[in-house]
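Here is what each chain is made of, one letter per residue.
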Amino acid sequence: MKKYLLTVLLMTGITYVSCDRKDDSFKTEIYQEIRSVNKMALASMSINKTAKLESSDWYTIGKRIAVYSYDSYMRAYIDLSELQPDDFIFDDDNMKVRVILPPVRTEITGRDMGMRKEYENIGLLRSELDSKERAEIKEKANASFKKEVENNPVFKKRLTDTAERKARAYFENLFASRGYHAEVVFGK
């Protein structure tokens, strides 16, 4: 009877130790899996930009007015390669985890190559816009767009709020599927 009891206790202890090791390996695996994602894009938006050229010279007859538009793109992301192991704080007794994510960042990711002609009024004795002039219009509009994004926090705030909401939902679901309740916060 004593041998049987001792065997049961040893087997229970071995099972308990192996469960702990499994939990630790789970934590290491999930950390490495999440960190390996690098940039996790969570939100994007396209912003329509309009560019206008208006010219009239005293020595020519007529005006040249041209309005073009194109789309520029922004995204919000989290750089998960910045994660550290201590950014996941597990409370195994209550099956909770606190996840400290890097801050959401935004970036301009590009723009349309071509421009859409919205309006054009070229006087009878004036020349059409050439590709060099259209490229100059686009570059000026792009510089204006970048300043607008820097000076107007609405674009970044909208993207950041959406990205944070999606990141919370993603990590809450990820850990819920493993039996944990996740609290997600963002670092500075």
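This structure is a prediction, so every number in the text was calculated from the model and none was measured.

Asks: Which residues make up the nonpolar core, and what are the values?
Replies: Core analysis: the biggest nonpolar cluster contains 32 residues, and Ile34, Met74, Ile78, Leu80, Leu101, Phe171 and Phe175 have the highest contact counts within it. Mapped onto this core, the elements with two or more residues apiece are α1 (2-35), β1 (39-55), β2 (64-79), β4 (96-101), α2 (131-151), α3 (153-176) and β7 (181-186). Once residues within four sequence positions are removed from consideration, Ile78 is found in contact with Asn38, Lys39, Met40, Leu42, Leu101, Pro102, Pro103, Val104, Ala167 and Phe186.

Asks: Could you give an account of the packing of aromatic side chains, with specific residues and numbers?
Replies: Evaluation of the coordinates by the stated rule reveals five aromatic pairs. Here the aromatic rings of Tyr31 and Phe88 are separated by 6.1 Å at their centres, their planes lie at 80°, and the arrangement is edge-to-face. Here Tyr31, found in helix α1, pairs with Phe88, found in strand β3 (residues 88-91); they are 57 residues apart in sequence, far enough to count as distant. Here Tyr31 and Phe88 have matching classes, each one buried. An angle of 50° between the planes, with centres 6.1 Å apart, marks the rings of Phe88 and Phe175 as tilted. Residue Phe88 is located in strand β3, and its partner Phe175 is located in helix α3; the two are separated by 87 residues in the primary sequence. Positioned above the aromatic ring of Tyr77, the side-chain terminus of Lys39 is 4.4 Å from the ring centre. Taking the ring centre of Tyr70 as reference, the NZ or CZ of Lys138 above it sits at 5.4 Å.

Asks: Account for the pairing of β3, with residues named and values stated.
Replies: In terms of strand pairing, β3 meets β4 through four bridges, oriented antiparallel. Across the sheet, residue Ile89 finds its bridge partner in β4, namely Arg98. Linking β3 to β4, which pair antiparallel, is a turn of four residues; within it Met95 sits at a positive phi near 55°.

Asks: Before we move on, could you go through unusual backbone geometry and cite the residues and values that matter?
Replies: Unusually for a residue other than glycine, Asn38 sits at a positive phi of about 65°. Tracing the sequence through the fold places Asn38 in the loop between α1 and β1. Judged by its relative accessible area of 40%, Asn38 is partly exposed.

Asks: Give me the lowdown on α3, citing residues and values where you can.
Replies: With 24 residues, α3 ought to run about 34 Å at 1.5 Å a step, and its terminal C-alpha atoms sit 34 Å apart, in line with that. Turning to α3, its buried residues are Phe155, Leu159, Thr160, Ala163, Ala167, Phe171, Leu174 and Phe175.

Asks: Can you lay out the pattern of salt bridges for me, pointing to particular residues and giving the numbers?
Replies: Side chains carrying opposite charge are able to pair once their charged atoms draw close together. Scanning the model with the defined rule gives ten salt bridges in all. Between Lys39 and Glu107 there is a salt bridge; the shortest N-O distance is 3.4 Å. Here Glu107 lies in strand β5 (residues 105-111) and Lys39 lies in strand β1, a separation of 68 residues in the sequence. Among the residues examined, Glu107 registers a relative accessible area of 21% and is labelled partly exposed. Ionic pairing is found between Glu118 and Arg116, a salt bridge with its closest N-O pair at 4.0 Å. The class for Glu118 is partly exposed, based on a relative accessible area of 46%.

Thresholds applied
Residues numbered from 1 in each chain as written. Predicted model: local features only at pLDDT ≥ 70, side-chain atom pairs only at ≥ 80, totals over all residues. Heavy atoms only, no water. Core = buried A, V, L, I, M, F, W, Y, C linked by side-chain atoms within 4.5 Å. Buried < 20%, exposed > 50% of the residue type's maximum accessible area, 1.4 Å probe, protein only. Helix = DSSP H or I, 4+ residues; strand = E, 2+ residues; numbered from the N terminus. Contact = heavy atoms within 4.5 Å. Phe/Tyr/Trp six-rings, centres within 6.5 Å; stacked < 30°, edge-to-face > 60°. Lys NZ or Arg CZ within 6 Å of the ring centre and 35° of its normal. Pairing = 2+ DSSP bridges. Expected span 1.5 Å × (residues − 1). Salt bridge = Lys/Arg side-chain N within 4 Å of Asp/Glu carboxyl O.

The analysis is restricted to geometry; functional conclusions fall outside its scope.
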